[in-house]
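Listed here are the chains, written in short residue letters.
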Amino acid sequence: MVDLTFTCVDAEADRYAATPLIQLHLRVEETTGTPVHALALRCQIRIEPIRRRYNDEEAEGLADLFGDRTRWGETLKPIQLAFVTQMVPGFTGTTEVDLQLPCSYDFDVAAHKYLYAVREGGVPLLLLFNGTIFTGSPGTLSITPVAWQKETTYQLPVAVWRAAMDQHFPGAAWMRLRQDTFDRLYRYRTREALPGWDDAIERLLKEQQE
């Protein structure tokens, strides 16, 4: 019976994508020698925060997600990052394919808050697979589901995520505001004759500190 194993071997920022995107390089191996005609693959990607250490700066940035360090034994739970799909062409033995992992500065999403907060090392990912395997002898077609327990782990370098974001937003980040908040900020900037949004926010922060 057909049997697959999955290994994430590398990752890189996609230099040609229209939006921030990471290519996860996935190796797929069929271990019984059965030729695979095609594979309709689905992958759920999670962050497992408990599988790495954090310095003080990172811990401060993660407080919004997990609270104080003293609570991390209870709050450091897996975070959903993405669902991705990929059609894999036919192969025998081993093949490699890229999974497209989208990136974002949407700070309403827990996974992107986490990615922004970590500064070095790797992001511990868990990739969970399912899908449909198409096999069969000439003139026949056999359809087999990917076994539910198929998974692999990968340490996504933080530098790769930052490279993907910097390609599209160099030296910048995005913030979503309510319409009424934006209107007030716009009126403040206009009233003070400030040249940019950074100037308006820096002025307000300075006034708050004083």
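Use the structure listed above.
Note that the structure is predicted; figures quoted are calculated from it, not measured. (Residues numbered from 1 in each chain as written. Predicted model: local features only at pLDDT ≥ 70, side-chain atom pairs only at ≥ 80, totals over all residues. Heavy atoms only, no water.)

Q: Could you give an account of the pattern of salt bridges, with specific residues and numbers?
A: Tallying each qualifying case throughout the model produces 11 salt bridges. Its salt-bridge partner being Glu-192, residue Arg-203 comes within 3.1 Å of it at the nearest N-O pair. Of this pair, Arg-203 sits in helix H7 (residues 197-209) while Glu-192 sits in the loop between helix H6 (179-191) and H7; the two residues are 11 residues apart in sequence, bridging distant segments of the chain. Overall, Glu-192 belongs to the partly exposed group, its relative accessible area being 31%. Three or more residues joined by partner-sharing salt bridges are found here, namely Arg-191, Glu-192 and Arg-203. (Salt bridge = Lys/Arg side-chain N within 4 Å of Asp/Glu carboxyl O. Helix = DSSP H or I, 4+ residues; strand = E, 2+ residues; numbered from the N terminus. Buried < 20%, exposed > 50% of the residue type's maximum accessible area, 1.4 Å probe, protein only.)

Q: Can you break down the environment of Arg-42 residue by residue, with the values?
A: Relative to the assigned elements, Arg-42 resides in strand E3 (residues 36-47). In the structure, Arg-42 is positioned 44 residues away from Gln-86 in sequence and 6.5 Å away in space, judged by C-alpha atoms. Excluding its chain neighbours within four sequence positions, the residues that come into contact with Arg-42 are Val-84, Thr-85, Leu-128, Phe-129, Asn-130 and Gly-131. (Contact = heavy atoms within 4.5 Å.)

Q: Which residues make up H6, and what are the values?
A: For H6, which comprises 13 residues, the first-to-last C-alpha distance of 18 Å matches the rise-based estimate of 18 Å (1.5 Å per residue) to within 8%. Where H6 ends, the next residue or the one after it, Ala-193, has phi of about 55 degrees, a positive value. (Expected span 1.5 Å × (residues − 1).)

Q: How would you explain the nonpolar core if you had to name every residue and give the values?
A: Ranked by internal contacts, the top residues of the largest apolar core, which has 51 residues, are Ile-22, Leu-24, Leu-39 and Leu-156. With sequence-adjacent residues up to four places away left out, Ile-22 is seen in contact with Ala-11, Glu-12, Leu-99, Gln-100, Leu-101, Cys-103, Leu-156, Val-160, Trp-161 and Ala-164. (Core = buried A, V, L, I, M, F, W, Y, C linked by side-chain atoms within 4.5 Å.)

Q: Give a detailed account of the side chain of Glu-30, specifying residues and quantitative values.
A: When you line up the elements, Glu-30 lands in strand E2 (residues 21-30). Despite being buried, Glu-30 has no salt bridge partner; Lys-150 is the closest side chain of opposite charge, sitting 8.9 Å away. Within polar-contact distance, the side chain of Glu-30 engages the backbone nitrogen of Gly-33 at 2.7 Å. (Lys, Arg positive; Asp, Glu negative; His and termini not counted. Polar contact = N/O pair within 3.5 Å; in protein donor to acceptor, adjacent residues only side chain to side chain.)

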